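Geometric and topological summary
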Amino acid sequence: MRKSIVFLTVLFTAFLSAQTKTDSITLNPQKQLNAAQRLLSGNYASAVTMGAYGEMLYNQPEGDNGELDVQRLVLLMGYRFNDKTQFVTEIELEHVEEVFVEQAFVNYNVANNVNLRGGLMLVPMGIINEFHEPTTFNGTERPAMDNAIVPTTWRELGIGVSGRFNNISLGYQAYVFNGFKSTLADGEGGISGVLQGSNGLRGGRQKGIKSTIDSPTLSTKFDYYGIPGLRLGLSTYFGKTQAADEIETVEGANIGISMLGLDARYAYDRFTARGQFIHASLSDTDEYNALTGADLGSALQGWYVEGAFNLLPIQNEQKLFAFVRYEMYDTHASTAGSLLENEAYDRTDVTTGLTYHLAPGVVLKGDYQFRSNADDNSDVQDRLNFGIGVWF
């Protein structure tokens, strides 16, 4: 608890020392690009483009040992075949020992407002799943609801269209993907489930690794940017999970998913804010739990709101944001059949801290998280976090 008091004292002192002069800030959500968008939109002299982003973190739970980790290092590569056709890929190394392909897709510009895309792509749900580079968000860790419910980083193989109509300030994306994997044959005549109550759909991400598909899913995203400083998003995802060939017809092997996301980002002078709401309705979870012995909920829901203020004069290249984020997320928002709601899955996190942009593309972060859930008997640890992030 002593660490909590010291950290909050430092934060409060920083607030008191803030200068009041205001001007426009550069972190405008209307102009913010993620890594793939930057590679696609850049006017580079060479056909080959490269970049990277990475995070090195320190997590200190109250009353426990701390952990140091190179959480991720992502190598970005793009190639322009001609003015219309480009290829983008991201190679991710997690915790120094795991290697994944995070994205790998071809983008073909059909017209000014229409692009065809195919390959391994991010599912456009919420904010963080598309904008997760460390300099684009406050907090050492990504919002917990994006890990448990969205679940970031969520990418699958598919094909679709994207573009924007600037005359009506509307961006759009629509893709057909393979879905989550739900069940596996254990080789001994049994069936095991990969979806669980604690983290919902997260265990079913296929990530382009020998992905199975028996029915496609549909994902859409619409972004409105017609109001200065404001960006509003609406995301949808519909479909069924995928089971291995030999068990796809077994009752309870698959579930249906309907997911809706709303998000908003706002910037004015030195103030920024963002918020997000995600609801996922899952069908046939009673049969799925009976077949696999899992405790998957029939509804997942979460939301957060966040406000931040730049404590440095706006003319500075450097920026120091003090922020507070409040989030609630429940992977047992409802349950089906005889399964009782687990109150430990109904969680609340309050995160407050500082985000110091040392230079464009370099960020230092420190925050404290007050973590709790609805189960009075569970032991949830508050946590102190520090991190270094880069993106170029």
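Here the structure is shown first, and the text comes after it.
The rules we used
- Residues numbered from 1 in each chain as written.
- Predicted model: local features only at pLDDT ≥ 70, side-chain atom pairs only at ≥ 80, totals over all residues.
- Heavy atoms only, no water.
- Helix = DSSP H or I, 4+ residues; strand = E, 2+ residues; numbered from the N terminus.
- Rg over C-alpha atoms; globule rule 2.2 N^0.38 Å.
- Buried < 20%, exposed > 50% of the residue type's maximum accessible area, 1.4 Å probe, protein only.
- Contact = heavy atoms within 4.5 Å.
- Areas by Shrake-Rupley, 256 points an atom, 1.4 Å probe, with all protein chains shown as cover.
- Core = buried A, V, L, I, M, F, W, Y, C linked by side-chain atoms within 4.5 Å.
- Salt bridge = Lys/Arg side-chain N within 4 Å of Asp/Glu carboxyl O.
- Pairing = 2+ DSSP bridges.
- Phe/Tyr/Trp six-rings, centres within 6.5 Å; stacked < 30°, edge-to-face > 60°.
- Lys NZ or Arg CZ within 6 Å of the ring centre and 35° of its normal.
- Arc of directions from axis to C-beta.
- Patch = residues over 30% accessible without salt bridge, like charges linked within 9 Å, V, L, I, M, F, W, Y side chains within 5 Å.
- Polar contact = N/O pair within 3.5 Å; in protein donor to acceptor, adjacent residues only side chain to side chain.

Some points on the overall build of the chain
A count of helical and extended segments in the chain gives 4 helices and 19 strands. The C-alpha radius of gyration computed for the chain amounts to 21 Å, which stays within 12% of the reference 21 Å derived for 392 residues, consistent with globular compactness. With respect to the principal axes defined by its C-alpha atoms, the chain has extents near 65 × 60 × 40 Å. In the chain, which comprises 392 residues, the proportion classed as buried is 52%. A sequence separation of at least 24 residues applies to 63% of the contacts in the chain between residues at least 6 apart. Working note: accessible area of the chain is about 17500 Å², and carbon and sulfur atoms make up 57% of it.

A look at the nonpolar core
In this structure, W154, L201, Y237, I255, M259 and L282 are the most contacted members of the largest nonpolar core, which totals 41 residues. Among the elements of the structure, α2 (35-41), β2 (67-80), α3 (144-148), β7 (170-177), β13 (256-268), β14 (271-283) and β15 (299-310) are those that each provide at least two residues to this core.

Section: the pattern of salt bridges
Within this structure, the stated rule accounts for 8 salt bridges. Notably, a salt bridge pairs E92 with R72, separated by 3.2 Å at the nearest N-O pair. Residue E92 is found in strand β3 (residues 85-94), and its partner R72 is found in strand β2; the two are separated by 20 residues along the sequence. Both residues of the pair, E92 and R72, count as buried. Note that E327 is salt-bridged to R325, the shortest N-O span being 3.6 Å. Taking the relative accessible area as the measure of exposure, R325 reaches 1% and is therefore buried. Each of E130, K221, D223, R231 and D263 takes part in one network of salt bridges that share partners.

Examining unusual backbone geometry
Of all residues except glycine, most have a negative phi; of all peptide bonds, most are trans. In this structure, the amide linkage connecting V150 to the following residue, P151, adopts the cis form with an omega of -10 degrees. The omega torsion across T152 and T153 is -5 degrees, close enough to zero to call that bond cis. Mapped onto the elements of the fold, T153 is located in the loop between α3 and β6 (155-165). The backbone of H95 shows a phi angle near 55 degrees, a positive value even though the residue is not glycine. For H95, the position within the fold is in the loop between β3 and β4 (98-111). Given a relative accessible area of 33%, H95 falls into the partly exposed group.

As for the pairing of β6
Strand direction decides the pairing type here: strand β5 (residues 114-122) and β6, joined by 8 bridges, are antiparallel. Each residue of the ladder has a partner; that of G119, found in β6, is G158. Pairing between β6 and β7: 8 bridges, direction antiparallel. In the sheet register, G158 faces β7, and the bridge partner there is F177.

Focus on the packing of aromatic side chains
Overall, the coordinates contain 8 aromatic pairs when judged by the stated rule. With a centroid separation of 5.5 Å and 45 degrees between ring planes, the pair formed by Y175 and F177 is classed as tilted. A single burial state applies to Y175 and to F177, both of which are buried. Between W303 and Y326, the aromatic rings sit 5.7 Å apart at their centres with planes inclined by 40 degrees, giving tilted as the arrangement. Residue W303 is located in strand β15, and its partner Y326 is located in strand β16 (residues 319-334); the two are separated by 23 residues in the primary sequence. Here the aromatic cluster, defined as three or more aromatic residues joined through ring pairs, consists of W154, F180 and Y237. Lying over the aromatic face of F100, K207 brings its terminal NZ or CZ to 4.7 Å of the ring centre. Of note, R265 hangs over the ring of F131, and the distance from its end group to the ring centre comes to 4.6 Å.

Notes on the environment of L76
With respect to the helices and strands, L76 occurs in strand β2. Exposure remark for L76: the relative accessible area of 2% places this residue in the buried category. Each C-alpha atom, one on L76 and one on A336, is 43 Å from the other, the two residues being 260 residues apart in sequence. Apart from residues no more than four positions distant in its own chain, L76 is found in contact with A35, L39, T49, M50, G51, A52, Y53, T89, E90, W391 and F392.

Description of helix α4 (residues 285-292)
Within α4, burial applies to T285, Y288, N289 and T292. For α4, the angular spread of buried residues about the axis comes to 95 degrees, placing them on one side. In the core, the buried residues of α4 are packed alongside β8 (181-185), β9 (191-193) and β14. Where α4 ends, the next residue or the one after it, G293, has phi of about 80 degrees, a positive value.

Comments concerning the environment of I168
Structurally, I168 is set in the loop between β6 and β7. When the C-alpha positions of I168 and G226 are compared, they lie 7.2 Å apart, and in sequence the two are 58 residues distant.

Concerning a nonpolar patch on the surface
Among the surface-exposed residues, V48, M50, L73, L75, M77, Y79, F81, F87 and V106 lie close enough to one another that they form a single nonpolar patch of about 800 Å² accessible area. Those elements that place two or more of their residues in the nonpolar patch are β1 (48-61) and β2. Take the nonpolar patch: its biggest share by element is 4 residues, from β2. Following the sequence through the fold, L73 ends up in strand β2.

Quick notes on the side chain of S298
Mapping S298 onto the fold places it in the loop between α4 and β15. Residue classification places S298 among the buried positions, given a relative accessible area of 12%. A polar contact is formed between the side chain of S298 and the backbone nitrogen of T335, at a distance of 3.4 Å. Once residues within four sequence positions are removed from consideration, S298 is found in contact with A280, S281, L282, T285, S334, T335 and A336.

Taken by themselves, the reported measurements are silent on function.
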